Amino acid sequence: MADSANVMVIGAGIAGVSAAYHLAVTQGLERVRIVDPRPPLTLTSDKSTECYRNWWPNTPMIELMNHSIDLLEKMAAESGNVIGMNRRGYLFVTGNEARFHSMIEEAHLTSTLGAGPVRIHPGPIPYRPSPEAGYLGAPEGADIFVGSDTVREHFPFITEHAVGAIHVRRAGWFSAQQLGAWMLDRARENGARFIQDEVTGIAVIGGSVSGVSLESGGEVEAAVVVDAAGPMSRSVAAMVGLEVPVFAELHLKVAYREHLGVIPRHAPMFIWSDPQTIDWSDDERAELERQGRHDLLGEMPIFCHGRPEGGSDSSYLLALWEYHDDVRDPVWPLPHDPLYPEVVMRGLTTMAPGLAPYLKGLPHSVVDGGYYIKTRENRPLVGPAGPEGFHLVVGMSGFGVMVAAGAGDLLARHVAGADLPSYSDAFLLGRYDDPAYLALTADTDRSGQL
């Protein structure tokens, strides 16, 4: 006899766990099931940099992220901040005057869209540093630092070649593993159950989903099926004949044991907002040409970034620089780039020159990563799509951890028939049926945000 569920969530990453939490806890739905062949939160969700921000170039993303951060702060309060949430912020730094003026214009525009007020320094409003721990007491919006001296007054590890910086304040990071574990525990307390198995098929009868088949041979009847399968979301959607317009982009990250203590433990995430060219020696350049590593020889992309990892007694520095432009079908183990730790460290020294001694001998480092599953315009897909009862919470790109709470809540509202927020239509698959929307996104590159 087949098992049965009210809702079957496919995928136990942070998106699926959040969906199950909001279905079972927030909406009070019974018999919620999560299915995944791997243990929860072990494929991509634990490879995140675990950061969040409400700083986005359009109103729907700002509204969704503000709500998601509201929920994260609520969960932090309810759990005694077991998730280790902070409000250190994102520090966008540039050494280019023209770029800085563009960043200031963008900051004022983002502010008007709902991301919070802008303050300029030097100026009439004193700068308020972020608390070293916790998420309370930090201002919202952004602080703009004009001139190298102003930047270095507050962030002395930044290069003297910086002409300005923008400190985004409703931003920081937290433990995605702790958040996921906390939500999963609460969901289980409210009747949700995890099934470690793989979905091999989704039954559709009369235009409505009716359940799933499992690799073990079992079946689960369900009138609602949620695709939260992350890197496998396209193949899951294909089981109901639905084509989901997402692609997979490989992203790596590296953790260094930064034993020299160059980067203060209370530093924000720091981001170099300019292209740069690595100063290879002639011999190094010749060897890279021999290896066919032309991606490392010319102008490198913007947004090399890093942040402290761990508490005051930790020496780890997390860093990322997406220079591969590697779009591919997801494969495991991840493709290996033996030069990644050195290249990223070279990029970081442009912004934080105190790290330069590491170029003579890299510290101990560990590389991992995962796949950003992205729509072209870098907005997630959340809500009903395809046959009756089928829902998506996919396309979480590089912001899956920060958006998960809000996206899970939005998904659960759709399923339960609860009131929807004003931004809900902006994340439906049906947006691609709107010619005006297609025209708006026609020239959008696929780079998205950080």
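Residues numbered from 1 in each chain as written. Predicted model: local features only at pLDDT ≥ 70, side-chain atom pairs only at ≥ 80, totals over all residues. Heavy atoms only, no water.

The next thing to look at is the overall build of the chain. The helix and strand tally for the chain stands at ten helices and 19 strands. Principal-axis analysis of the C-alpha atoms places the extent of the chain at approximately 70 × 55 × 50 Å. For the chain, with 450 residues in total, the buried portion stands at 55%. The long-range share in the chain, meaning contacts at least 24 apart out of those at least 6 apart in sequence, stands at 76%. (Helix = DSSP H or I, 4+ residues; strand = E, 2+ residues; numbered from the N terminus. Buried < 20%, exposed > 50% of the residue type's maximum accessible area, 1.4 Å probe, protein only. Contact = heavy atoms within 4.5 Å.)

Bridge count between strand 1 (residues 3–10) and strand 12 (residues 219–227): seven bridges; the pairing is parallel. Looking at strand 12, one finds that A5 is bridged to A222. For the segment spanning strand 1, helix 1 (residues 14–26) and strand 2 (residues 32–36), crossover handedness is right-handed. (Pairing = 2+ DSSP bridges. Right-handed = clockwise from strand over helix to strand, strands pointing away.)

A few words now on the sheet that holds strand 13 (residues 247–257). Adjacent strands of a sheet form backbone hydrogen bonds with each other and so pair up, either parallel or antiparallel. Taken together, the nine strands give an open sheet; going across it, the order is 5-6-7-4-14-15-16-13-17, and neighbouring strands pair in mixed fashion. The sheet terminates laterally at strand 5 (118–121) and strand 17 (365–374), the two strands that pair on one side only. Here the average twist between neighbouring strands, direction ignored, is 20°. Relative to strand 16 (residues 316–320), strand 13 is paired through four bridges, and the arrangement is antiparallel. Following the sheet pairing, Y256 is matched in strand 16 by L317. In the packing of helix 8 (residues 340–351) onto the sheet, contacts are made with strand 4 (90–94), strand 13, strand 14 (269–272), strand 15 (304–309), strand 16 and strand 17, and the angle to strand 13 comes to roughly 75°. (Axes fitted to C-alpha atoms, helices over the stretch in contact; angles between N-to-C directions.)

With that out of the way, let us pick up the nonpolar core. The biggest cluster of nonpolar side chains holds 75 residues, and the ones touching the most others in it are M85, Y90 and V393. Here this core takes ten residues from helix 9 (residues 400–416), the largest share from any one element. Look past the residues within four positions of M85 in its chain and what remains in contact with it is Y52, I69, L72, E73, A76, G134, Y135, W173 and F174. (Core = buried A, V, L, I, M, F, W, Y, C linked by side-chain atoms within 4.5 Å.)

With that out of the way, let us pick up unusual backbone geometry. Between H121 and the following residue, P122, the backbone shows a cis peptide bond with an omega angle of 0°. By the secondary structure assignment, P122 is in the loop between strand 5 and strand 6 (142–146). At the junction of W332 and P333, the peptide bond is cis and its omega measures out at -5° in the coordinates. Within the secondary structure, P333 sits in the loop between strand 16 and helix 8. Positive phi is not limited to glycine here, since N378 has a value of about 65°.

What follows concerns the side chain of H121. Locating H121 in the fold gives a position in strand 5. Overall, H121 belongs to the buried group, its relative accessible area being 5%. There is a polar contact of 2.6 Å between the side chain of H121 and the side chain of D143. Every residue in contact with H121, bar those within four places of it in the chain, is listed here: P126, Y127, D143, I144, F145, V146 and T150. (Polar contact = N/O pair within 3.5 Å; in protein donor to acceptor, adjacent residues only side chain to side chain.)

Turning to helix 8, a few remarks are in order. Across its twelve residues, helix 8 extends 17 Å between first and last C-alpha, which sits within 8% of the 16 Å expected from 1.5 Å per residue. Burial of helix 8 is extensive: ten of the twelve residues sit out of reach of the surface. Regarding helix 8, the residues found buried are Y340, P341, V343, V344, M345, R346, G347, L348, T349 and M351. (Expected span 1.5 Å × (residues − 1).)

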